[in-house]
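Letter by letter, the chains look like this.
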Amino acid sequence: MPADYVIDLIRKAVFSRGWGRLSDQDLVDYQSRLNADPDFEPGFSQLVDLSGVEHLDISAEGVRTIAVEDRWAPEARRAFVAPLDAVYGTVRMHEGFIGRDSPNIRIFRELAEARAWLALQGEAESDSDPDPSER
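Residues numbered from 1 in each chain as written. Predicted model: local features only at pLDDT ≥ 70, side-chain atom pairs only at ≥ 80, totals over all residues. Heavy atoms only, no water.

Teacher, can you tell me more about the sheet that holds strand β5 (residues 105-108) here?
As a general point, the strands of a sheet are linked pairwise by backbone hydrogen bonds and lie either parallel or antiparallel. Read across the sheet, 5 strands follow the order β1-β2-β3-β4-β5 without closing on themselves; strand pairing throughout is mixed. The open sheet has two free edges, formed respectively by β1 (3-8) and β5, since each of these has just one partner strand. Across the sheet, the axes of successive neighbouring strands diverge by a mean angle of 15°, strand direction being ignored. Each of β3 (45-57), β4 (78-81) and β5 is contacted by helix α3 (residues 85-97), which is oriented at about 130° to β3, the strand it contacts most. (Pairing = 2+ DSSP bridges. Helix = DSSP H or I, 4+ residues; strand = E, 2+ residues; numbered from the N terminus. Axes fitted to C-alpha atoms, helices over the stretch in contact; angles between N-to-C directions. Contact = heavy atoms within 4.5 Å.)

Structure representation (structure tokens):
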């Protein structure tokens, strides 16, 4: 499964990561697991690292489906890392479908910038960050 997350209750943050070939079904499965997780809180911050995504098999309908199931609170700070143009565009599409042009959602090209914006810059890469190399 090329999408996973870890919930850090101490930092009140969700660390999400996608890698490899990412499909509509991968996103639906990821979202279903996150929404059903008893530790998930819609007001937590989120760091979504998509720098490991090599190819997208994601349709506009798939992005819309994920947006409909989006349970994040409008005040939740969410940072997406999308170095590839195709990934960046897909995240922008998601932003449009959830209907929020919010200052609390930002897309970055580099992980360090996203971590800084979420005020995670002073911390080392966390053991809480899902690591696809451990799969």
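So that's the structure; there's more coming.
Honestly, empty space enclosed by the protein in this entry has me stumped. Any pointers?
All chains considered together, the criterion is met by 2 cavities of 30 Å³ or more. Its volume calculated, the largest cavity comes out at about 370 Å³. L27, Y30, V48, I66 and F80 are, among the 26 residues lining the largest cavity, the residues nearest its centre. Top element by residues in the lining of the largest cavity is helix α1 (residues 24-36). It accounts for 5 residues. For the lining of the largest cavity, a count of residues per class yields 15 nonpolar, 7 polar and 4 charged. (1 Å grid on protein atoms, 1.4 Å probe; cavity = no way out; pocket = protein on both sides within 12 Å on 5 of 7 lines; lining within 4 Å. Points joined across faces, edges and corners; volume = space filled by probe spheres on them. Nonpolar A, V, L, I, M, F, W, Y, C, P; charged D, E, K, R; others polar.)

Would you explain unusual backbone geometry in this entry?
Glycine aside, the phi torsion of most residues is negative, and most peptide linkages are trans. Unlike most non-glycine residues, K12 shows phi in positive territory, near 50°. Mapped onto the fold, K12 is located in the loop between β1 and β2 (13-23). The class for K12 is exposed, based on a relative accessible area of 53%. (Buried < 20%, exposed > 50% of the residue type's maximum accessible area, 1.4 Å probe, protein only.)

Would you explain the confidence of the model for the protein in this entry?
Atomic detail in the predicted coordinates should be set aside for any region of low pLDDT. Averaged over the protein, the pLDDT score is 88; the fraction of residues at 70 or greater is 87%. Across residues 121-128, where pLDDT falls below 50, the model places 13 contacts with residues more than four positions away in sequence or in other chains. The model gives residues 131-135 a pLDDT under 50, and that stretch makes 6 contacts with residues more than four places away or in other chains. (pLDDT = per-residue confidence, 0-100.)

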